[in-house]
Amino acid sequence: MWLTTDEFNFIPALKPMLYDNVVGTTAFPCRVVQLSKYGSMVAIVSLNNPSTLAIWVNSYSTLTPAGAGAGTTYPLISAGNYRISTSTASLSDTLGARVALATTAIAVTADTTSDMVNYYIELKSDDLKDGYPYVAIAISTSATASTGMCVNYIMKPRYPQVTQVTAIS
């Protein structure tokens, strides 16, 4: 079977950038999407030589939550999984075992041996709490020792169609 872009929506949730005070004040959380329009999604969090930080998977009742971001009291999504891969030598396409999301953040430890570490967070819209159809990844602002990051969402529509639905509405 051939995998094509017709089967998914791709959302740039946070453009590739360096960690700095601009990221810490304006880019958190990452783009909020209405997951209830989709069957599932995979959020890809790419970190270059990450420092110690935390990744939250938050859900919201509105598309533009006031004061949203890392460490807020919005409901964390605990029904889902994540996997890790690193770009160490020839193992960049090797994924770690699935780990269930907990009701706390995903703790990332400092990694000075890998050029890049990827976190693949898998979510199903059926697992969302009632009244909270919007989802976003948030990353702690204590990541100043890292040299860069990027976050993308791959959204799988409930029903394949020629015209893609908009996740951000």
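What counts and what doesn't
- Residues numbered from 1 in each chain as written.
- Predicted model: local features only at pLDDT ≥ 70, side-chain atom pairs only at ≥ 80, totals over all residues.
- Heavy atoms only, no water.
- Helix = DSSP H or I, 4+ residues; strand = E, 2+ residues; numbered from the N terminus.
- Buried < 20%, exposed > 50% of the residue type's maximum accessible area, 1.4 Å probe, protein only.
- Contact = heavy atoms within 4.5 Å.
- Polar contact = N/O pair within 3.5 Å; in protein donor to acceptor, adjacent residues only side chain to side chain.
- Salt bridge = Lys/Arg side-chain N within 4 Å of Asp/Glu carboxyl O.
- Phe/Tyr/Trp six-rings, centres within 6.5 Å; stacked < 30°, edge-to-face > 60°.
- Pairing = 2+ DSSP bridges.
- Core = buried A, V, L, I, M, F, W, Y, C linked by side-chain atoms within 4.5 Å.
- Disulfide = S-S within 2.5 Å.
- pLDDT = per-residue confidence, 0-100.

1. Some remarks on the overall build of the protein
In step 1: Each helix and strand counted, the protein has one helix and ten strands in total.
In step 2: Helices and strands appear in the protein in the N-to-C order β-α-β-β-β-β-β-β-β-β-β.
In step 3: The burial tally for the protein puts 41% of its 169 residues in the buried class.
In step 4: Excluding contacts between residues fewer than 6 apart, the proportion of contacts in the protein whose partners are at least 24 apart in sequence is 80%.

2. Considerations on the side chain of asparagine 118
In step 1: Mapped onto the elements, asparagine 118 comes out in strand β8 (residues 116-124).
In step 2: For asparagine 118, a relative accessible area of 12% puts it in the buried group.
In step 3: At 3.4 Å, the side chain of asparagine 118 forms a polar contact with the side chain of tyrosine 120.
In step 4: Here asparagine 118 is in contact with Val45, Ser46, Arg83, Ile84 and Ser85, once residues within four sequence places are set aside.

3. Some words on the pattern of salt bridges
In step 1: Counted under the stated rule, the structure contains two salt bridges.
In step 2: The salt bridge partner of aspartate 126 is arginine 158, with a shortest N-O separation of 3.7 Å. Of this pair, aspartate 126 sits in the loop between β8 and β9 (134-139) while arginine 158 sits in the segment after β10 (148-157), and the two are 32 residues apart along the sequence.
In step 3: Aspartate 126 gets classed as exposed once you look at its relative accessible area, which sits at 60%.

4. Description of the packing of aromatic side chains
In step 1: In this structure the tally under the stated criterion is two aromatic pairs.
In step 2: Judged by centre distance (6.2 Å) and plane angle (35°), the rings of tyrosine 82 and tyrosine 119 are tilted. Of this pair, tyrosine 82 sits in strand β5 (residues 81-86) while tyrosine 119 is found in strand β8, placing the two residues 37 residues apart along the sequence.
In step 3: Since its relative accessible area comes to 14%, tyrosine 82 is described here as buried.

5. Observations concerning the pairing of strand β3 (residues 38-48)
In step 1: Where β3 lies against β10, ten bridges are found, and the strand directions are antiparallel. Paired with valine 45 across the bridge in β10 is valine 151.

6. Observations concerning the nonpolar core
Within soluble globular proteins, side chains that are nonpolar generally end up buried alongside one another.
In step 1: Judged by nonpolar contacts, the single largest core of 35 residues is most densely connected at Ile55, Ile121, Ile137 and Tyr153.
In step 2: Of all the secondary-structure elements, those providing two or more residues to this core are β1 (9-17), β3, β4 (53-60), β7 (106-108), β8, β9 and β10.
In step 3: Non-local contacts of isoleucine 55, meaning those with residues more than four positions away in its chain, are made with Val45, Ala105, Ile106, Val108, Tyr119, Ile121, Ile137, Ala138 and Ile139.

7. Comments concerning the environment of alanine 110
In step 1: Secondary-structure assignment places alanine 110 in the loop between β7 and β8.
In step 2: With a relative accessible area of 51%, alanine 110 lands in the exposed category.
In step 3: When neighbours within four sequence positions are excluded, alanine 110 is seen to be in contact with Pro50, Ser51 and Thr52.

8. Some points on the state of the cysteines
In step 1: According to the stated counting rule, one finds zero disulfides in the structure shown.
In step 2: We note that cysteine 30 lacks a disulfide partner, and the nearest cysteine sulfur, in cysteine 150, lies 9.0 Å from it.
In step 3: Judged by its relative accessible area of 2%, cysteine 30 is buried.

9. Focus: the side chain of glutamate 122
In step 1: When you line up the elements, glutamate 122 lands in strand β8.
In step 2: Within the local environment of glutamate 122, its side chain forms a polar contact with the side chain of arginine 98, the two groups lying 2.8 Å apart.

10. Details of the confidence of the model for the protein
In step 1: Put simply, the protein has an average pLDDT of 77, and 69% of its residues get 70 or more.
In step 2: Across the protein, the element-wise mean pLDDT spans from 51 in helix α1 (residues 21-26) up to 92 in strand β2 (residues 33-34).

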